[in-house]
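If you want the building blocks of each chain, they are given just below.
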Amino acid sequence: WGLFVNLTSTMADFMQTPDFQFIIRVLNTNVDGRKNIVYALTAIVGIGRRLAYLMCKKAGIDTTQRAGQLKPEQFEKLVAILSNPQHYKIPEWFLNRRSDFTDGKSFQIFSNNLSTKLREDIERMKKARIHRGIRHYWHLKVRGQHTVSTGRGDVKLMHH
């Protein structure tokens, strides 16, 4: 029976270290320490898989690690990259807020700021009586979908 040796490490091997964290608080979000770092970062609103992978590469973090294995300095580095992505040579087309309406700059919005900016944009469209803003005001579909037979149920905020 000695022929069958387990060559792969299991999650239990990682968690037995004393410095493993199961839940990490990053940018007002609880990040699951048991998940792979790339997928754990997607729990933060405004960060997708591609951006999370790119941030890890720019920070020099091994993407096969679990989030609970990272040190606090590494998370600080990730937050620094996220707050100023163009300084770390992340291209402008990668960001989720290009040429902002107020100042014309491009940046990455995340966490609570994302919902705040969306609300401000919709209010600006309503105030300017833009077609999209009027559709939001009337609680109708915004993106050109048909409304004859669908959307009769619960009234909710439509797409931006």
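Note that residues are indexed from 1 along each chain, following the sequence as it is written. Only residues with pLDDT of at least 70 are given local features in this predicted model, and only at 80 or more are side-chain atom pairs given and counted; all residues enter the totals for whole chains, interfaces and linings. Side-chain numbers come from the whole structure's heavy atoms, not from hydrogens or water.

### So, helix α4 (residues 72-83)
In an α-helix, one turn spans 3.6 residues; hence positions three or four apart end up facing the same way. Here α4 is 12 residues long and its end C-alpha atoms lie 17 Å apart, about the 16 Å a rise of 1.5 Å per residue gives. Burial here depends on accessible area, computed with a 1.4 Å probe over protein chains only, as a share of the maximum for the residue type. Under 20% is buried, over 50% is exposed, and the range in between is partly exposed. Here a helix means four or more residues in a row that DSSP labels H or I, a strand means two or more in a row labelled E, and each is numbered from the N terminus. For α4, the complete set of buried residues consists of F75, L78, I81 and L82. The arc enclosing the buried residues of α4, seen along the axis, measures out at 115°, which places them on a common side. Along α4, exposed side chains directed more than 90 degrees from the buried face belong to E73, E76 and S83. Note on contacts: a residue pair is in contact if any heavy atoms of the two residues lie within 4.5 Å. Buried residues along α4 sit in contact with β1 (23-26), α2 (37-41) and α3 (49-59). Take the residue count of a helix, subtract one, and multiply by 1.5 Å to get its expected span. Arc definition: it is the arc formed by the directions from the helix axis to the C-beta atoms.

### What about the packing of aromatic side chains?
Within a pair of aromatic rings, the relevant descriptors are the distance that separates the centres and the angle that separates the planes. Aromatic rings from Phe, Tyr and Trp, taking only the six-membered ring of Trp, are treated as a pair when their centres fall within 6.5 Å; an angle between ring planes under 30 degrees marks them as stacked, one over 60 as edge-to-face, and anything in between as tilted. Per the counting criterion, the structure on display carries 2 aromatic pairs. The interplanar angle of 75° and the centroid separation of 5.1 Å between the aromatic rings of F20 and F22 together place this pair among those described as edge-to-face. Ring geometry for W93 versus F94: centroids 5.2 Å apart, planes at 50°, classification tilted. Given the relative accessible area of 57%, W93 is considered exposed. Residue classification places F94 among the buried residues on the basis of a relative accessible area of 18%. Lysine NZ or arginine CZ positioned within 6 Å of the ring centre and within 35 degrees of the ring normal marks a charge as sitting over the ring. Lying across the ring of F101, R124 places its NZ or CZ 3.8 Å from the centre.

### Brief notes about the pairing of β1
With burial as the criterion, only one face of β1 is covered, namely that bearing I24 and V26; the residues I23 and R25 on the opposite face remain uncovered. For β1 and strand β2 (residues 29-32), the ladder comprises 4 bridges, and the chain directions are antiparallel. In the sheet register, I23 faces β2, and the bridge partner there is D32. Hairpin connection, β1 to β2: the antiparallel pair is bridged by 2 residues, and L27 has positive phi, about 50°. Pairing between strands is defined by DSSP: at least two bridges between them are needed.

### Remarks on the pattern of salt bridges
The salt bridge definition used is simple: a Lys or Arg side-chain nitrogen within 4 Å of an Asp or Glu carboxyl oxygen. This model, assessed by the stated rule, comprises 5 salt bridges. Close ionic contact of K117 with D100 constitutes a salt bridge, the shortest N to O distance being 3.7 Å. Linking K117 in helix α5 (residues 112-127) with D100 in the loop between α4 and α5, this pair joins segments that are 17 residues apart in sequence.

### Remarks on the packing of α3 against α4
To describe two helices that pack against each other, one gives the angle between their axes and the distance between the axes. Interhelical geometry of α3 versus α4 gives an angle of 115° and a closest axis separation of 10 Å. Considering only the axes of α3 and α4, their crossing is right-handed. In this structure, α3 uses L51, M55, C56, K58 and A59 to contact α4, whose residues at the interface are K77, L78, I81 and L82. Residues are sorted three ways: Asp, Glu, Lys and Arg are charged, Ala, Val, Leu, Ile, Met, Phe, Trp, Tyr, Cys and Pro are nonpolar, and all the rest, Gly among them, are polar. Counted by class, the contact of α3 with α4 contains 7 nonpolar, no polar and 2 charged residues. Note on geometry: axes are lines fitted to C-alpha atoms, helical ones only across the stretch in contact, with angles between N-to-C directions running from 0 to 180 degrees. Handedness of a crossing follows from how the near helix is turned relative to the far one, being left-handed for an anticlockwise turn of less than a right angle and right-handed for a clockwise one.

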